[in-house]
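# Fold and geometry: a report
The primary structure of each chain is shown beneath.
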Amino acid sequence: MLGKLLKHNRIKQRKKQEEICSGICSVSYYSKIENNKIIPAEDVLMKLMERLNLSRSDLKKMDHQEIKKKLLNWHISIIKGNVEDTVKMRTDLSEQIDYFQDQDLHLLYLLFEARLEVANENITRLEKILEEISNFSLEEAAEDIKFYYEKTLMSIYIFYEKYDKARGHACHASDYSETIVLPEEEMADMYVSIAKIALQVGDYSIAMDVAGRAIAVYDQQYNLEQSGACRVILAKAFRKVHKFSRAEKELEKAETIGLQTENRRLQAQVLQHRGELYAQMGKQMEAVRCFQQSYRMREGRDRLITIYKILQQFENIGSEQDILSWVDHGKETIADMRSGQGIIPYDERFEWIFRYYSLAYDKKERDDFEEEMKEFIIPFFTDLEDWKATAYYTEKLAACLEKEKRFDESVHWYKKSNEAFRRCLK
């Protein structure tokens, strides 16, 4: 590793070997140092380093524990969302990590880089990193490396909305966390991820428990923004079990934090979830008003879920004109994303949702309803293993066929809907 340090800096300075070692040692001896075949005496090393304008502090970059500490600090910076620090640390680490042949360190770097690309929603780069990660074996890896592997994969599968797979990695990460000492930030981050998974798979008591643990850490550290975001998750868990007053209290706390920190994204999240709370309570127009306020505060991808929730309310009310108007908003949002930040799997879901509303409510599109539901929309959600959506769209198709008095076909699709619904309850 020492040889790599000397060689890297010599090449960087565009110098030949003889220029560096002249008057200190022979070129052949120096060549062996660069190729890590021999370790020079301390006085020879200091002279060579001085010639290359290197100091003892540069040697620390070679230290295994020092570089591992930097990697772990980088990861904490990533999960805290410190964008400027994260970019700078990535640049420094990408240069230093090449000095080491330790597989654990290289795997850690790739895992944390993958987590960063999840935050950046850079799916192209993420998939390349995942290919590199797949080449590593965890058999002889240390327990902490295994923890970060499982925790990172959990975050990635949450990003891909593969919650069953995410849950498997969450269980392993939780097991490893009990055998090693971890910073509070890492534990809180794991709790938040587990809460997100628990909400999606229906384990609401677990979601409340781990979200509460994360909030305790964030409040103790005066990390207001992450505390606020986690309170929104907790509010959703309370809403799912019909504890509406508890949900509203958490949303009020999150709203206060959003206003204090001037965090528009958090404020928009609060409005979004308050709208969902009103919708569940049957207050449809209050829900629509909250969703519309949230929409105005959001941009790009964040707007998709809001548009979807607005469409659901107008469908319940039976306002076809409003549905088609908001479908147009949805299509425009996705078109803007295609020409800008690009599309990820999460966005494709909404493309098909908006397509359903066009087929169901636009008279010009209705002739294509049956064909596209059978060939595209239902298979898409089935492949995603989104059984709730699958049950919903198969029921809509069955109802359409029943209306046309095609009863045998209708019964077939009602059965499909029931099967999907049962899978959703498992």
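Because the structure is predicted, anything quoted here is derived from the model rather than measured.

We now examine the overall build of the chain. Within the chain, the regular secondary structure consists of 23 helices and zero strands. Over its C-alpha atoms, taken along the principal directions, the chain stretches across nearly 95 × 45 × 40 Å. For the chain, buried positions account for 46% of its 426 residues. Considering only contacts in the chain between residues 6 or more positions apart, those separated by 24 or more positions represent 60%. On the chain, roughly 22,400 Å² of surface is accessible, and the fraction owed to carbon and sulfur atoms is 47%. A gap of 2 Å separates the mean positions of the 66 positive and 74 negative side-chain charges of the chain.

Turning our eyes to something else, we now look at the environment of R239. Relative to the elements of secondary structure, R239 occurs in helix α14 (residues 224–240). On the basis of relative accessibility, which here comes to 7%, the residue R239 falls in the buried class. Expressed as a C-alpha distance, the spacing of R239 and S77, which sit 162 residues apart in the sequence, is 32 Å. The contact partners of R239, leaving out residues within four places of it in the chain, are F244, A247, E276, L277 and Q280. A polar contact of 2.8 Å, which involves the side chain of R239, links it to the side chain of E276.

In this section: a negative patch on the surface. Taken together, the side chains of D367, D368, E371 and E375 make up a negatively charged region of the molecular surface. Look at D367 and you get exposed, because its relative accessible area is 75%.

In the structure shown here, the tally under the stated rule is two cavities of 30 Å³ or more. Space inside the largest cavity adds up to approximately 40 Å³. Taken together, I79, K80, E185, D189, Y218, Q221, N223 and Q226 form the lining of the largest cavity. Elements with a minimum of two residues in the lining of the largest cavity: α6 (64–80) and α12 (184–201).

Relative to the helices and strands, Q272 is located in helix α16 (residues 264–280). For Q272, a relative accessible area of 2% puts it in the buried group. With near-sequence residues (within four places) excluded, Q272 lies in contact with F291, S294, R298, I305, T306 and K309.

For the rest of this paragraph, the subject is the pattern of salt bridges. Taken as a whole and assessed by the stated rule, the structure comprises 35 salt bridges. The partner of E143 in a salt bridge is K146, and the shortest N-O contact between them spans 4.0 Å. Pair noted here: E143 and K146 are both in helix α10 (residues 143–159), with a separation of three residues, about one helical turn. Its relative accessible area of 15% is what places K146 among the buried residues. Residues R349 and E161 are paired through a salt bridge, measuring 3.0 Å at the closest nitrogen-oxygen approach. Of this pair, R349 sits in helix α20 (residues 345–361) while E161 sits in the loop between α10 and α11 (163–177); the two residues are 188 residues apart in sequence, bridging distant segments of the chain. Of the two residues, R349 and E161, neither departs from the other in class, the shared state being buried.

Taken as a whole, the second largest pocket holds about 390 Å³ of empty space. Lining the second largest pocket are 18 residues, with A360, F369, K396, C400 and K403 positioned closest to its centre. When residues of the lining of the second largest pocket are traced back to their parent elements, those giving at least two are α20, α21 (369–383) and α22 (387–403). The greatest single-element share of the lining of the second largest pocket, amounting to six residues, is contributed by α22. Partitioned by chemical class, the residues of the lining of the second largest pocket number nine nonpolar, no polar and nine charged.

Before going further, it helps to examine the packing of helix α19 (residues 320–339) against α20. Relative orientation of the contacting elements α19 and α20 amounts to 150°, with a least axis distance of 10 Å. In this view, α19 runs roughly antiparallel relative to α20, as classed from their interaxial angle. As for the relative orientation of α19 and α20, their crossing is left-handed in sense. For the pair α19 and α20, the contacting residues are E320, I323, L324, V327, G330, K331, I334, M337 and R338 in the first and D347, F350, E351, F354, Y357, S358 and Y361 in the second. Taken together, the residues of the contact of α19 with α20 sort by class into nine nonpolar, two polar and five charged.

In this section: the nonpolar core. L71, W74, F112 and M190 are the most contacted members of the largest nonpolar core, which has 70 residues in total. Apart from the residues within four sequence positions on either side, W74 is in contact with T86, M89, R90, L93, Y109, F112, E113 and L116. Ranked by size, the runner-up nonpolar core spans 34 residues in total, among them L304, V327, L359 and I377.

Take the packing of helix α1 (residues 2–12) against helix α3 (residues 27–34) next. At a minimum axis separation of 7 Å, α1 and α3 run at an interaxial angle of 110°. With respect to α3, the element α1 is oriented roughly perpendicular. Residues G3, K4, L6, K7 and R10 of α1 form the contact with α3, whose participating residues are Y30, I33 and E34. Its residues placed into classes, the contact of α1 with α3 shows three nonpolar, one polar and four charged.

The subject of this paragraph is the packing of aromatic side chains. Applying the stated criterion across every chain, the model contains 17 aromatic pairs. With 5.0 Å between their ring centres and 65° between their planes, Y356 and Y357 make a pair best called edge-to-face. The exposure classification of Y356 matches that of Y357, with both residues buried. Centre to centre, the rings of Y356 and Y393 are 5.0 Å apart; their planes meet at 65°, and the pair counts as edge-to-face. Taken together, the residues span a long stretch of sequence, with Y356 in helix α20 and Y393 in helix α22 at a distance of 37 residues.

What counts, and at which threshold
Residues numbered from 1 in each chain as written. Predicted model: local features only at pLDDT ≥ 70, side-chain atom pairs only at ≥ 80, totals over all residues. Heavy atoms only, no water. Helix = DSSP H or I, 4+ residues; strand = E, 2+ residues; numbered from the N terminus. Buried < 20%, exposed > 50% of the residue type's maximum accessible area, 1.4 Å probe, protein only. Contact = heavy atoms within 4.5 Å. Areas by Shrake-Rupley, 256 points an atom, 1.4 Å probe, with all protein chains shown as cover. Lys, Arg positive; Asp, Glu negative; His and termini not counted. Charge placed at Lys NZ, Arg CZ, Asp CG, Glu CD. Polar contact = N/O pair within 3.5 Å; in protein donor to acceptor, adjacent residues only side chain to side chain. Patch = residues over 30% accessible without salt bridge, like charges linked within 9 Å, V, L, I, M, F, W, Y side chains within 5 Å. Salt bridge = Lys/Arg side-chain N within 4 Å of Asp/Glu carboxyl O. 1 Å grid on protein atoms, 1.4 Å probe; cavity = no way out; pocket = protein on both sides within 12 Å on 5 of 7 lines; lining within 4 Å. Points joined across faces, edges and corners; volume = space filled by probe spheres on them. Nonpolar A, V, L, I, M, F, W, Y, C, P; charged D, E, K, R; others polar. Axes fitted to C-alpha atoms, helices over the stretch in contact; angles between N-to-C directions. Parallel < 35°, antiparallel > 145°, perpendicular 65-115°, else oblique. Left-handed = near helix turned anticlockwise from the far one by under 90°. Core = buried A, V, L, I, M, F, W, Y, C linked by side-chain atoms within 4.5 Å. Phe/Tyr/Trp six-rings, centres within 6.5 Å; stacked < 30°, edge-to-face > 60°.

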